[in-house]
Amino acid sequence: MRILHVVTNADLGGAPRVVTELANRAVAAGHTCGAASVPMGPFWDHLDPRVEQLPLRHLRRSLDPLQDFLAVLELISLFRRWEPDVVHVHSSKAGMLGRTAALLTSRRIATVYTIHGFDTILRTHHVFLPLEKTMARFTSAIVPVSAYDEANLYKIGIGRMALAKAGNDRSHAKAPLIRLIHNGASDRLGAVPQAAVAARIEAARASGAVIVLTVARLEEPKRFDLFVEAARRFSGDTNQGQSQDKQLPKVSFFWIGNVQRVDPSELPANVEMLGEVPEAGNCINLCDIFLLLSAYEGLPMSILEALSCAKPVVASNVGGNGEAVGTDGKAGILVPNDADAVVAALSPLAVDPDLRAAMGQAARKRYEAGFSAETMWRSYLRLYQNLYEKSRGVI
């Protein structure tokens with residue numbers, strides 16, 4: 001098959017990471033694969049050389065009517081020239097422009113739209129929801145990455161199941177296939193982290209600190225404010241400082257993924273910002289506890305990488321996080337976005353290395369059971385093949 005991915009951002013966030021996992025495995029399996037995105041970004045360096053790189057000059061993350069119109073024309077030209085069997089678009093902006101271009105292309109193209117967190121539309125860009133519902137009718141398959149997002153799609157009336165329940169038989173035939181496919185990450189267990197990062201974290205460990213690590217961009221929906229407040233409680237900088245309890249060890253907090261510089265004077269003494277790091281997931285091997293606090297999520301790749309590294313996870317109880325770590329507390333602890341709750345979850349893990357080890361083993365089992373990149377690729381491959389055969393009248 002000829003599979004073409006379109007993704008808005010060329011950074012190392014969740015959607016671009018999924019594209020690299022899928023595209024690299026597609027060419028390894030003998031398929032022809034291309035990736036289209038904005039021209040600059042570290043995403044391009046992580047693609048297999050056999051994946052055709054197709055920079056889009058007019059694609060923008062922000063709303064820009066002129067550039068968006070030109071991006072649709074650019075994509076139409078690309079689709080006609082490249083002749084894909086499947087166009088796989090990722091996230092809302094590339095999803096909207098890519099599906100519009102596929103619809104306007106002269107030949108019929110199967111389209112797969114992966115929603116990397118539907119709360120982005122439901123909570124922050126609700127004005128575009130009617131457009132999402134309209135475009136769904138012209139999409140071959142929509143892939144939510146969590147059961148949480150799948151349920152929300154049906155709730156607002158997208159998908160065959162939703163229309164069937166509503167008794168809308170006429171529209172049912174035009175409804176897209178909804179196929180839940182959990183994200184999957186490459187195995188990071190034992191992978192070598194960047195030397196400079198390892199040196200800084202190991203220096204903190206040598207001082208007797210337990211290491212808490214977050215890997216995330218420093219922007220919404222991540223709750224950096226809550227991360228800082230939790231760290232402050234352990235630093236003793238407030239009257240609620242948990243380090244005043246002699247039973248708790250020293251805890252150091254590290255953040256990887258911030259492009260922006262953060263003034264150290266505005267942070268507790270036990271927080272270090274490490275910036276962008278190549279293959280940041282490898283650095284999870286260096287921590288004792290992985291922490292991810294968010295206002296909303298799809299299914300974060302960083303949590304899946306933490307599972308692969310056999311690390312206990314503390315994460316906000318939002319989106320698909322519970323599907324990744326489980327809700328029984330064996331592999332991770334889900335918390336409300338409240339500093340007291342975060343500190344209460346981290347404290348027993350900071351105290352007890354045996355608890356961390358047991359939860360880490362459970363985390364690794366969850367990764368092996370269903371969250372590897374290979375498992376994700378096989379699920380998408382079955383979907384691609386199904387759409388490919390339908391487009392040729394085979395089934």
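Source: prediction; values computed, not measured.

A. Main features of the overall build of the protein. Across its full length, the protein holds 15 helices and 13 strands. Burial status across the protein gives 57% buried among its 395 residues. Within the protein, counting contacts between residues at least 6 apart in sequence, those at least 24 apart form 69% of the total. Taking the average location of the 43 positive side-chain charges in the protein and that of its 40 negative ones, the two points are 7 Å from each other.

B. Spotlight on a nonpolar patch on the surface. Together, Leu 63, Val 127, Phe 128 and Leu 131 line one region of the surface with nonpolar side chains, adding up to about 400 Å² of accessible area. Accessibility expressed as a relative area gives 66% for Val 127, which makes it exposed.

C. The environment of Arg 137, seen in detail. By the secondary structure assignment, Arg 137 is in the loop between helix 5 (129–136) and strand 6 (141–144). In sequence terms Arg 137 and Ala 198 are 61 residues apart; their C-alpha atoms lie 49 Å from each other.

D. Layout of the sheet that holds strand 7 (residues 177–178). Here we have seven strands laid out as an open sheet, ordered 3-2-1-4-5-6-7, and parallel in their pairing. A strand with exactly one partner marks an edge of an open sheet, and here the two such strands are strand 3 (52–55) and strand 7. Summarising the sheet, strand 5 (residues 110–115) and strand 6 pair through four bridges and their orientation is parallel. Paired with Thr 114 across the bridge in strand 6 is Val 143. Where helix 3 (residues 92–104) meets the sheet, it contacts strand 1 (2–7), strand 4 (86–90) and strand 5, and its direction lies at approximately 155° from that of strand 4.

E. How the structure looks around the nonpolar core. Phe 79 and Phe 253 are the most contacted members of the largest nonpolar core, which has 133 residues in total. Here this core gets eight residues from one element, more than from any other, and that element is helix 13 (residues 339–351). In contact with Phe 253, other than residues within four places in its own chain, are Val 212, Phe 227, Ala 230, Ala 231, Phe 234, Asn 270, Val 271, Glu 272, Leu 291 and Leu 346.

F. Examining the sheet that holds strand 10 (residues 271–273) more closely. As summarised here, the arrangement of the six strands in space is 10-9-8-11-12-13, forming an open sheet in which the pairing is parallel. Two strands in the sheet have a free side with no partner beyond their single neighbour: strand 10 and strand 13 (332–335). Adjacent strand axes in the sheet meet at a mean angle of 20° when their direction is disregarded. Judged from the three bridges that link them, strand 9 (residues 251–256) and strand 10 form a sheet pairing that is parallel. Residue pairing across strands places Phe 253 opposite Val 271, the latter belonging to strand 10. Here helix 10 (residues 224–235) sits on the sheet and contacts strand 8 (210–215), strand 9, strand 10 and strand 11 (289–292); the angle it forms with strand 9, its principal contact strand, is near 160°.

G. Representation of the packing of helix 13 against helix 14 (residues 353–370) in the model. Following both chains from N to C, one finds helix 13 and helix 14 inclined at 105°, their axes separated by 5 Å at the closest point. Considering the angle they form, helix 13 stands roughly perpendicular to helix 14. Residues Pro 348, Leu 349, Ala 350 and Val 351 of helix 13 lie in contact with helix 14, whose contacting residues are Pro 353, Leu 355, Arg 356 and Met 359. For the contact of helix 13 with helix 14, the residue count by class is seven nonpolar, no polar and one charged.

H. Structural view of the environment of Arg 378. Checked against the element boundaries, Arg 378 lands in helix 15 (residues 373–391). Residue Arg 378 is classed as partly exposed on the basis of its relative accessible area of 40%. Residues Arg 378 and Leu 22, spaced 356 residues apart in sequence, show a C-alpha to C-alpha distance of 9.3 Å.

I. Structural detail: the packing of aromatic side chains. Taken as a whole, this structure holds eight aromatic pairs when the rule is applied. A centroid spacing of 5.1 Å and a plane angle of 90° characterise the contact between Phe 224 and Trp 255, whose relative ring orientation is edge-to-face. Taken as a pair, Phe 224 in helix 10 and Trp 255 in strand 9 lie far apart in primary sequence, 31 residues in all. There is no split in this pair, since Phe 224 and Trp 255 are both buried.

J. Structural view of the confidence of the model for the protein. On average, the protein scores 92 in pLDDT, and the residues at 70 or more come to 92%. Under a pLDDT of 50 for its full length, residues 239–245 has, in the predicted model, 16 contacts with residues more than four places off or in other chains.

K. Expanded view of the pattern of salt bridges. Within this structure, the stated rule accounts for 22 salt bridges. A salt bridge links Glu 229 to Arg 233; its shortest N-O distance comes to 2.8 Å. Taken together, the positions of Glu 229 and Arg 233, both in helix 10 and four residues apart, correspond to about one turn of that helix. Note that Glu 374 and Arg 378 form a salt bridge whose closest N and O atoms lie 4.0 Å from each other. With a gap of four residues between them, Glu 374 and Arg 378 both fall in helix 15, about one helical turn apart. In this structure Glu 374 comes out as partly exposed when scored by relative accessible area, which is 36%. When salt bridges that share partners are traced, they join Asp 11, Arg 61, Arg 217 and Glu 219 into one network.

Criteria and thresholds
- Each chain carries its own residue numbering, running from 1 in the direction its sequence is written.
- Per-residue local features of the predicted model are confined to residues with pLDDT of at least 70, and side-chain atom pairs are confined, for both listing and counting, to 80 or more; whole-chain, interface and lining totals are unaffected and use all residues.
- Note: side-chain values were computed over all heavy atoms of the structure, leaving out hydrogens and water.
- Put simply, DSSP H or I for four residues or longer makes a helix, DSSP E for two residues or longer makes a strand, and each gets a number counted from the N terminus.
- Relative accessibility under 20% of the residue-type maximum defines a buried residue, over 50% an exposed one, and the middle range a partly exposed one, all with a 1.4 Å probe and only protein chains included.
- By definition, residues are in contact when any of their heavy atoms lie within 4.5 Å.
- Residues scored as positive are Lys and Arg, those scored as negative are Asp and Glu, and His as well as the terminal groups of each chain are ignored.
- Where a charge lies is defined by one atom per residue type: Lys uses NZ, Arg uses CZ, Asp uses CG and Glu uses CD.
- Exposure above 30% relative accessible area and the lack of any salt bridge qualify a residue for a patch; like charges then connect within 9 Å, and the nonpolar side chains Val, Leu, Ile, Met, Phe, Trp and Tyr within 5 Å.
- In these tables, accessible area is a Shrake-Rupley quantity obtained with a 1.4 Å probe, and a residue counts as shielded only by the protein chains included in the view.
- Salt bridge, as used here: a side-chain nitrogen of Lys or Arg that lies within 4 Å of a carboxyl oxygen of Asp or Glu.
- Only when DSSP finds a minimum of two bridges between them are two strands counted as paired.
- As a rule, the C-alpha atoms of each element are fitted with a line to give its axis, helices using only the stretch in contact, and angles between N-to-C directions run from 0 to 180 degrees.
- For the purposes of this section, nonpolar cores are sets of buried Ala, Val, Leu, Ile, Met, Phe, Trp, Tyr and Cys residues that join through side-chain atoms within 4.5 Å.
- Working rule for angles: under 35 degrees goes down as roughly parallel, over 145 as roughly antiparallel, 65 to 115 as roughly perpendicular, anything else as oblique.
- Each residue gets one label: Ala, Val, Leu, Ile, Met, Phe, Trp, Tyr, Cys and Pro are nonpolar, Asp, Glu, Lys and Arg are charged, and the others, such as Gly, are polar.
- Stacked, tilted and edge-to-face pairs are distinguished by plane angle, under 30 degrees for stacked and over 60 for edge-to-face with tilted covering the rest, among Phe, Tyr and Trp rings (Trp via its six-membered ring) whose centres lie within 6.5 Å.
- As a per-residue quantity, pLDDT reports the predictor's confidence and falls between 0 and 100.

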